[in-house]
Amino acid sequence: MMRPASLLATILTAFVLLAGCGDTSTAPDVDEGKILANLRLEIPQVRDADSLRIDSLRKSSLDGFYRAQLVVNNQNRVLVMIREDESEVLLLAGPPLDVGRSAEQMQASQQQESEARADVLQRASEGMPALGPADAPVTLIEFSDFQCPYCARATTLVDQLRERYPDRLRVVFMHFPLSSHEWARPAAMAAQCAARQDEEAFWRLHDFYFSNQDALTPGNVMEKSESILAETAVNVDDWKTCATDRTSDVHRSVARQVNASLEAGKEAGVTGTPSFFVNGEKVQGARTVDAFARKIEAAGGD
C-alpha cells in the first residue's frame with residue numbers, strides 16, 4: 001500500500017537536501033526494481049522522473065522494517081520505511097522518534113550520545129589532514145567524498161570559514177568515499193598516501209580533485225594524481241607503492257585508515273556527504289557561511 005501522492009508532494013518540497021551525496025554501502029537485499037515500478041505507478045509526482053533510486057537502505061530500529069531514502073532525480077530525498085516482506089512503503093517527513101521517555105531520560109540519553117560521538121570523532125580524526133592551529137578552540141570535522149559534487153561546492157564555504165576564523169578554527173578532513181562513486185576511494189587512497197609524506201601535497205590533490213571532477217575517471221585518477229604530485233616534495237615511487245600496490249604493508253595501512261574514517265562517520269550518524277561536526281556536534285540544517293559561523297561562535301570561536 002502506497003501513501004497518497006499529495007503527501008509526497010509536501011515532503012519533496014520540505015525535504016530537498018542541498019548537500020547530500022548519499023551512502024550506498026552494504027545494504028539488505030530487496031527487489032528495488034519492483035518497488036520503484038510500484039512507486040512510479042502510484043505517485044504521479046515521480047512517474048516521469050528522470051531517475052529514481054533507493055539509497056542508504058539499512059535495518060530499522062522498528063521491527064519488520066528497513067529504513068532508506070528515496071532519491072528523485074539525484075537531488076530530492078525522502079525518508080522511507082520499507083516492510084521487510086516488501087508489501088508496503090511508508091513515506092516520512094523525518095526518522096521515527098522515541099517519544100516514550102521522560103525529560104530526564106532524554107537529557108541523559110542525549111548527553112551519552114554526544115559524549116560517545118565526540119569520542120569516536122576524536123579518536124578517528126587523530127593524524128588526519130587538517131588546516132588551522134592545532135590548539136584552536138573549535139574543530140570542524142568534515143566527512144567528504146572527492147567525487148561528490150556537493151562536497152566540491154562546500155570547499156568554498158570551508159575556505160570562507162577559515163578566513164573568518166584563522167586563529168580559532170581547525171578543519172579536519174575525513175574520508176567518506178561512497179560506494180556509488182567509482183573513483184572516490186582510489187582518490188582517497190592516493191591523497192592519504194600523499195599525506196603520509198607531505199600534508200601540503202594532500203591539499204594539492206584535494207583541490208585538484210574537487211576542481212576537476214568531470215575530467216576524472218577510475219582509469220585516469222592515479223595518472224593525473226601522479227602528475228600533480230610530481231610538482232611536490234612527495235617521493236612518487238614510494239607514493240605509487242602506497243596508493244596502488246595492494247600487497248604492500250603501507251597500502252594496507254592506509255586502507256585501514258580510510259576504512260576507519262568511513263566507519264567512524266557511520267558510527268557518528270553520517271549518511272551522506274558532505275557532513276560536518278563542530279566540536280563533536282553534527283551540524284544540522286546550516287547551509288550558509290553565516291549559519292556555520294553562528295555554530296562556531298557558540299562553540300567557542302567568537
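All values reported here derive from a predicted model rather than from experimental measurement.

Caption draft 1: Broad picture of the packing of helix H6 (residues 184-197) against helix H10 (residues 249-267). Taken N-terminus to C-terminus, the directions of H6 and H10 make an angle of 115°; their axes are 10 Å apart at the nearest point. With respect to H10, the element H6 is oriented roughly perpendicular. Seen from above, H6 lies across H10 with right-handed handedness. Listed contacts from H10 to Arg 185, Ala 188, Met 189, Gln 192, Cys 193 and Arg 196 of H6 are Val 250, His 251, Ser 253, Val 254, Ala 255, Gln 257, Val 258 and Asn 259. Looking at side-chain class alone, the contact of H6 with H10 contains seven nonpolar, five polar and two charged residues.

Caption draft 2: A look at the side chain of His 181. Counting through the fold element by element, His 181 comes out in the loop between strand S8 (169-175) and H6. Judged by its relative accessible area of 16%, His 181 falls in the buried class. Not counting residues within four places of it along the chain, the set of residues in contact with His 181 comprises Cys 21, Asp 145, Gln 147 and Cys 148.

Caption draft 3: Region of interest: the packing of H6 against helix H9 (residues 236-244). It is the contact of H6 with H9, at a shortest axis distance of 9 Å, that shows an interaxial angle of 140°. Classified by the angle their axes make, H6 and H9 are oblique. Crossing hand, H6 versus H9: right-handed. Contacts between H6 and H9 pair Met 189, Ala 190, Cys 193, Ala 194, Arg 196 and Gln 197 from the former with Asp 238, Trp 239, Cys 242 and Ala 243 from the latter. Grouping the constituent residues of the contact of H6 with H9 by class yields seven nonpolar, one polar and two charged.

Caption draft 4: Fine view of the pairing of strand S7 (residues 138-144). Most of S7 sits inside the fold, with six of its seven residues counted as buried. By the bridge criterion, seven bridges tie S7 to S8 in an arrangement that is parallel. Across the sheet, residue Thr 139 finds its bridge partner in S8, namely Arg 170. The β-α-β motif built from S7, the intervening helix H5 (residues 149-164) and the parallel element S8 has right-handed crossover chirality. Bridge analysis of S7 against strand S10 (residues 275-278) gives four bridges, and the strand direction is antiparallel. For Ile 141, the partnering residue across the bridge sits in S10 and is Phe 277.

Caption draft 5: Spotlight on unusual backbone geometry. Residues Thr 273 and Pro 274 are joined by a peptide bond in cis, for which omega reads -5°. Note that Pro 274 resides in the loop between strand S9 (272-273) and S10. Residues other than glycine seldom take positive phi values, yet Ser 56 does so here, at roughly 55°. Assignment of secondary structure puts Ser 56 in strand S2 (residues 52-59). Ser 56 gets classed as buried once you look at its relative accessible area, which sits at 7%. A positive phi angle, near 60°, is found at Glu 86, a position not held by glycine.

Caption draft 6: A look at the state of the cysteines. A complete count under the given rule lists one disulfide for this structure. For Cys 193, the disulfide goes to Cys 242, at an S-S distance of 2.0 Å. Handedness here is read from the sign of the S-S torsion; for Cys 193 and Cys 242, about -80°, the answer is left-handed. Separated by 49 residues along the polypeptide, Cys 193 in helix H6 and Cys 242 in helix H9 bring together distant segments of the chain. The thiol sulfur of Cys 151 is not disulfide-bonded, and the nearest other cysteine sulfur, from Cys 148, lies at 3.3 Å. Judged by relative accessible area, Cys 151 falls into the buried class, the value being 0%.

The rules behind these values
- Residues numbered from 1 in each chain as written.
- Predicted model: local features only at pLDDT ≥ 70, side-chain atom pairs only at ≥ 80, totals over all residues.
- Heavy atoms only, no water.
- Axes fitted to C-alpha atoms, helices over the stretch in contact; angles between N-to-C directions.
- Helix = DSSP H or I, 4+ residues; strand = E, 2+ residues; numbered from the N terminus.
- Parallel < 35°, antiparallel > 145°, perpendicular 65-115°, else oblique.
- Left-handed = near helix turned anticlockwise from the far one by under 90°.
- Contact = heavy atoms within 4.5 Å.
- Nonpolar A, V, L, I, M, F, W, Y, C, P; charged D, E, K, R; others polar.
- Buried < 20%, exposed > 50% of the residue type's maximum accessible area, 1.4 Å probe, protein only.
- Pairing = 2+ DSSP bridges.
- Right-handed = clockwise from strand over helix to strand, strands pointing away.
- Disulfide = S-S within 2.5 Å.

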